[in-house]
Amino acid sequence: MKTDKKQYKEMVKKASPKSSTALNCMRAFFVGGVICAFGEVLHNIYEALGASKDHVGAYVAITLIFLAIMLTGIGKYDNITKYAGAGASIPITGFANAMSSPAIEHKKEGFILGVSAKLFTIAGAVIVYGTLSSMVVGLVYFLVQKFSGG
Amino acid sequence: MNYLWAFLIGGGICVVAQILIDKTAITSARIMVLFVVIGVILGGVGLYPKLVEFAGAGASVPLTGFGNLLAKGVKEEVDKIGALGILTGGLKASAAGIMAAIFFSFVASLIFEPKAK
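To start, this report covers the structure provided alongside it. Being a predicted model, the structure only gives us computed values, none of them experimental.

What counts as what
Residues numbered from 1 in each chain as written. Chains lettered and ligands numbered in written order. Predicted model: local features only at pLDDT ≥ 70, side-chain atom pairs only at ≥ 80, totals over all residues. Heavy atoms only, no water. Contact = heavy atoms within 4.5 Å. Buried area = accessible area lost by both parts, 1.4 Å probe. Salt bridge = Lys/Arg side-chain N within 4 Å of Asp/Glu carboxyl O. Helix = DSSP H or I, 4+ residues; strand = E, 2+ residues; numbered from the N terminus. Nonpolar A, V, L, I, M, F, W, Y, C, P; charged D, E, K, R; others polar. Buried < 20%, exposed > 50% of the residue type's maximum accessible area, 1.4 Å probe, protein only. Polar contact = N/O pair within 3.5 Å; in protein donor to acceptor, adjacent residues only side chain to side chain.

## Structural notes on the interface of chain B and chain A
Listed per partner, the contact involves 64 residues of chain B and 64 residues of chain A. Interface area for chain B against chain A, summed over the two sides, is near 5,400 Å², with a carbon-plus-sulfur share of 79%. Between chain B and chain A we count one salt bridge in total. For the salt bridge of A:Lys107 with B:Glu113, the shortest nitrogen-to-oxygen distance reads 2.9 Å. Where the side of chain B that touches chain A is concerned, the elements lending two or more residues are helix H1 (2-23), helix H2 (28-44), helix H4 (57-60), helix H5 (63-81) and helix H6 (85-111) of chain B. Residue classes in the side of chain B that touches chain A are distributed as 43 nonpolar, 14 polar and seven charged.

## Section: the side chain of A:Thr131
With respect to the secondary-structure elements, A:Thr131 resides in helix H8 (residues 120-147). Judged by its relative accessible area of 17%, A:Thr131 falls in the buried class. At 3.1 Å, the side chain of A:Thr131 forms a polar contact with the backbone oxygen of A:Val128. Not counting residues up to four positions away in its chain, the partners in contact with A:Thr131 are B:Leu70 and B:Leu91.

Structure follows, in C-alpha cells:
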C-alpha cells in the first residue's frame, strides 16, 4: 500500500494526542499575565520609592531579569516554561532565561567558548535582529525628519 | 485597575505567541526574535507607545516592549545627535537590560551547576 504525504499527515494527526492548543493558550495567558501584572506591581513600588519616570522601566526590567536568572539557576524556570510555553518565553524573563540557561548548561566547556559564547545562543539572535530593525526605524525616521523640514 | 489591564494585555500577547507556536512550525526562539522585530516596527510607527500608556507593564514586559524600547531609543538619539543616532540609539536604550542579563547570567554560571539530565 502506498501512502502519500497527505495520508501520512492524517495518520499522524489521528495517532498523536488530541491538540491541546486551548489548554496551552490558557496557561500562556495566565502565566504571561501574572508576570506582567507583577511587573506593574514593581513599577508602582519603584515609583513610590521615588525613581524618575524615565528610569522606572529599566528598574522593573532589571528586577525581572534578576529573578528569572536566579530561578533558572535553581532549575525552576525550565518547569515554568514547560507549563506555560510562550507565557514564560515571551516576557523579558524568557529572554533572561534564554541567556542564563545555556551559559550554565555549557559551563563545563569553559568560560570562553562555554559560558560567554553560549550566553548569546538565542539572545544574540534577539539582539541582532532587534537592533538591525531599530536601525531601519532610525534611518526612516531620520529621512522623514530631514525631508519634512522637521 | 491598571493591574488588570497589565494582566490582560500581557497575557494576550503571550497567547498570540502560543497560537503561532502551536499552529505553525515556528520554534520558540524564532517567535522571540519575531516579537522583538514586531515591537520595533509598532514602536517605530508610534502605535506601541499608546499600548504601553494603556497597559503599562502588560505592554512593556513582553519582548514586543523590548522592541518598542529599541525604536524609542533610536528616535530619541536621532533627535539628539542626528544621523549617528541611527547606529547608537537602539543599543543605548537597551543597554541596561542587556547588561543586566549578561551580568546576572555570568554570576549565575559561577554559582550554579548544570542540572543532571
